[in-house]
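Summary of the model geometry
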Amino acid sequence: MTASRPAVYPEADLPSAVTVYEVGPRDGLQAESEVVPTHRKIHFIRELRAAGLGIVEATSFVSPRWVPQLADARDVLCGLDELDRHPVLVPNHRGLELAIDAGATSIAVFVSATQEFARRNLNATRELALQRATEVVEEAVARSMRVRGYVSMCFGDPWEGRVDVTAVAEVSRALVDAGCAQVSLGDTIGVGTAGHVTSLVRAHERVGVGIDRLALHFHDTYGQALANVYAGLRAGITCFDSSAGGIGGCPFAGSATGNLATEDLLWMLEGLGIETGVDLDAVVRAGRSMTDLLGRPSSRVGTALGSVAS
Ligand code: HMG
Ligand code: MG
């Protein structure tokens, strides 16, 4: 027998509510080689918002030569309302200008904890990328925009191997000092495990970046994403990134596979009695319509609930 909802067994010492930060339309689609029509992207984003997701990252104002899938960033943004609910990725000053011109009020900058990924993803050294990002953050904050910072390769790097937790925390500290309201710690290639999550959060607290400033961003390459969310919850984190349908990856790190699926995350949170304000069935429908279009299987929960319905 397959259930349509988990039984609810709350646990002590976990947050009572969390924010699910949806990245599917951006992180999910950016690595897809077949270009998704702009109107389908807009529809996907609207469906996700209607499902109750408070934040749906919409697109990236990056070089269209680097990420052709998101070359329609301006048109996507122009098709949306409530742009404070739709942050966009910005890699440099040019991206910030283009985003502002398209009406963006909320942006995310991204840097790497490691050298090689900074070069492959941003064509810069780690230090130069961080310097550029902090300049963009300062300018955006001066214009009253909300800014999130992403740090990639926080748990391991395919070219450099292990990544020191304190080194990651210092990068986050620099982003917070520049004015980022939140820093999302990316396990870009999905190699992290639960104890590592706890250790990374503690390293942040040691450099003065508290749990209220942190989000966790897991890719599910090694099947660790939900265990890592659970470790994050135990450490007091209340914001988790995920992607409807589990779509996603990074075009500049071949070993980055799908993001943690929003449906799988919601199932676990619902079972723990943790409030999200999100309608799981509506996310399943949105995720399936996009994975059907892409010709991919849906998330585990999306697939299981689909078989309950049919
Ligand atoms: P570059 O080639 O060094 O750039 O790339 P450049 O400054 O020399 O400019 C080259 C050309 O690009 C110029 O045009 C610029 O105008 C143009 P040309 O004169 O040749 O016609 N250009 C731009 N066009 C549009 N928007 C812009 C822009 N900037 C320059 N913003 C650059 C440097 C940063 C542009 C490039 O490396 C880039 O776009 N990188 C983005 C890569 C990316 O999007 N990666 C995926 C997102 S990060 C991620 O997924 C990780 C995350 O999910 C967390 C995790 O999982 O870890 C966030
Ligand atoms: Mg990612």
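Attention in this report is confined to the structure presented alongside it. In this text the structure is predicted, and so the values were computed from the model without any measurement.

**Describing the coordination of the magnesium ion (ligand 2)**
For the magnesium ion (ligand 2), the protein coordination sphere consists of Asp 27 (OD), His 217 (NE2) and His 219 (NE2), at 2.0 to 2.3 Å. Ordering the donors of the magnesium ion (ligand 2) by residue number gives the pattern D-x189-H-x1-H. Note that Asp 27 is positioned in helix H1 (residues 24-28) and His 217 in strand E8 (residues 214-218), a separation of 190 residues in sequence. Residue Asp 27 shares its accessibility class with His 217, and that shared class is buried.

**Some points on the site of ligand 1**
Around ligand 1, the structure places 27 residues, and the nearest of them are Gln 30, Arg 65, Asn 121, Asn 123 and Thr 188. Between a nitrogen atom of ligand 1 and a main-chain N or O atom of Gly 95, the distance comes to 3.3 Å. A total of 1100 Å² of accessible area belongs to ligand 1 in isolation, and the protein chains cover 74% of it. For the shell around ligand 1, the secondary structure elements donating two or more residues are H1, helix H4 (93-101), helix H5 (115-122) and strand E6 (146-152). Per-element accounting of the shell around ligand 1 gives the leading share, three residues, to H4. Looking at the shell around ligand 1 residue by residue, the class counts come to 12 nonpolar, 11 polar and four charged.

**Overview of the sheet that holds strand E7 (residues 182-187)**
Ordered in space as E2-E1-E9-E8-E7-E6-E5-E4-E3, the nine strands form an open sheet in which the pairing is parallel. The two strands at the open ends of the sheet, each matched to only one other strand, are strand E2 (55-56) and strand E3 (59-60). In terms of strand pairing, E3 meets strand E4 (residues 88-89) through two bridges, oriented parallel. Looking at E4, one finds that Ser 60 is bridged to Leu 89. Against the sheet, helix H6 (residues 126-142) touches strand E5 (106-112) and E6, its axis set at about 165° to E5.

Basis of the calculations
Residues numbered from 1 in each chain as written. Chains lettered and ligands numbered in written order. Predicted model: local features only at pLDDT ≥ 70, side-chain atom pairs only at ≥ 80, totals over all residues. Heavy atoms only, no water. Donors = N, O, S within 2.8 Å, 3.2 Å for Na, K, Ca; no water. Helix = DSSP H or I, 4+ residues; strand = E, 2+ residues; numbered from the N terminus. Buried < 20%, exposed > 50% of the residue type's maximum accessible area, 1.4 Å probe, protein only. Near = heavy atom within 4 Å. Polar contact = N/O pair within 3.5 Å; in protein donor to acceptor, adjacent residues only side chain to side chain. Areas by Shrake-Rupley, 256 points an atom, 1.4 Å probe, with all protein chains shown as cover. Nonpolar A, V, L, I, M, F, W, Y, C, P; charged D, E, K, R; others polar. Pairing = 2+ DSSP bridges. Contact = heavy atoms within 4.5 Å. Axes fitted to C-alpha atoms, helices over the stretch in contact; angles between N-to-C directions.

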